[in-house]
Amino acid sequence: MPLDFKMIGSNIQNRRKELHITQQKMASDLFISESLVSQLERGVKAVSLETFHSIANYLKTGMDILTANPNDQKAQQNKLINDICLLLDNMDNPHLYILFKLLKTYMEQTQQVYQFPKGAMKIAENREDNEKLP
């Protein structure tokens, strides 16, 4: 399947805007021209794999997410997981443990309605048994 450069450009633009980064700042930080950023976002210009990798890293996302169709359910799920990981990245262990307990409680209370995969609750139970954090 050929790459859809307009879709990729739109994904780059959307992610840049989510992070409240201007085209000018992105261009300056990546040592590329503002014109190139504009052309990429419009899907009229392609870049090397190395530059594309730099853009993905700069936008704190994966190349797979930037090339994925945003209407694809799995792509949406991957993006959400990526964004959650970014939020958790700078948290300390006590706060991560609080979030873990909240998530586990949520899953227990909604298990009847949503029927999470069987292994999900077992993973949470094993993690809690094996890692008692302060």
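This section reports on the structure supplied with the text. Keep in mind it's a predicted model, so treat the numbers as computed, not measured.

**Topic: helix H4 (residues 49–58)**
Among all positions of H4, only Phe 52, Ile 55, Ala 56 and Tyr 58 are buried. Taken end-on, H4 shows its buried residues confined to a sector of 165°, consistent with a single buried face. Within H4, the exposed residues directed more than 90 degrees away from the buried face are Leu 49 and Glu 50. Buried residues belonging to H4 abut helix H1 (5–18), helix H2 (23–30), helix H3 (34–42) and helix H5 (63–67). Of the residues flanking the end of H4, it is Lys 60, one or two places downstream, whose phi is positive at about 55°.

**Quick look at the side chain of Thr 61**
By the secondary structure assignment, Thr 61 is in the loop between H4 and H5. For Thr 61, a relative accessible area of 9% puts it in the buried group. A polar atom in the side chain of Thr 61 sits 3.4 Å from the side chain of Asn 82. With near-sequence residues (within four places) excluded, Thr 61 lies in contact with Arg 15, Ala 56, Leu 66 and Asn 82.

**Remarks on the nonpolar core**
Counting residues in hydrophobic clusters, the biggest one holds 16 residues, and the most contacted among them are Ile 12, Met 26, Ile 55 and Leu 59. Residues contacting Leu 59, with those up to four places away along its chain left out, are Ile 12, Arg 15, Arg 16, Leu 19, Ile 21 and Met 26.

**Quick look at the environment of Asp 29**
Along the chain, Asp 29 falls in helix H2. Asp 29 sits in the partly exposed class, given a relative accessible area of 32%. For the pair Asp 29 and Ile 55, spaced 26 residues apart in sequence, the C-alpha to C-alpha distance is 10.0 Å. One polar contact links Asp 29 to Lys 25, side chain to side chain, over a distance of 2.7 Å.

**Some thoughts on the packing of H2 against H3**
Orientation of H2 relative to H3, taken along the N-to-C sense of each, is 115°, at an axis distance of 8 Å. By crossing handedness, the relation of H2 to H3 is classed as right-handed. Contact residues: H2 offers Gln 23, Gln 24, Met 26 and Ala 27, while H3 offers Glu 34, Val 37, Ser 38 and Glu 41. Residue composition of the contact of H2 with H3, by class: 3 nonpolar, 3 polar and 2 charged.

**Topic: the pattern of salt bridges**
Summed over the entire model, instances satisfying the criterion amount to 7 salt bridges. Between Glu 18 and Arg 15 there is a salt bridge, with the nearest N and O atoms lying 2.9 Å from each other. Residue Glu 18 and its partner Arg 15 are both found in helix H1; the two are separated by 3 residues, about one turn of the helix. Judged by its relative accessible area of 39%, Glu 18 falls in the partly exposed class. A salt bridge links Asp 83 to Lys 79, with the shortest nitrogen-to-oxygen separation between them at 2.9 Å. Separated by 4 residues within a single helix, Asp 83 and Lys 79 lie in helix H6 (residues 73–89), roughly one turn from each other. Taken together, the shared-partner salt bridges in this structure form one network comprising Arg 15, Glu 18, Lys 79 and Asp 83.

The rules behind these values
- Residues numbered from 1 in each chain as written.
- Predicted model: local features only at pLDDT ≥ 70, side-chain atom pairs only at ≥ 80, totals over all residues.
- Heavy atoms only, no water.
- Buried < 20%, exposed > 50% of the residue type's maximum accessible area, 1.4 Å probe, protein only.
- Helix = DSSP H or I, 4+ residues; strand = E, 2+ residues; numbered from the N terminus.
- Arc of directions from axis to C-beta.
- Contact = heavy atoms within 4.5 Å.
- Polar contact = N/O pair within 3.5 Å; in protein donor to acceptor, adjacent residues only side chain to side chain.
- Core = buried A, V, L, I, M, F, W, Y, C linked by side-chain atoms within 4.5 Å.
- Axes fitted to C-alpha atoms, helices over the stretch in contact; angles between N-to-C directions.
- Left-handed = near helix turned anticlockwise from the far one by under 90°.
- Nonpolar A, V, L, I, M, F, W, Y, C, P; charged D, E, K, R; others polar.
- Salt bridge = Lys/Arg side-chain N within 4 Å of Asp/Glu carboxyl O.

Purely spatial values, then, with no claim about function.
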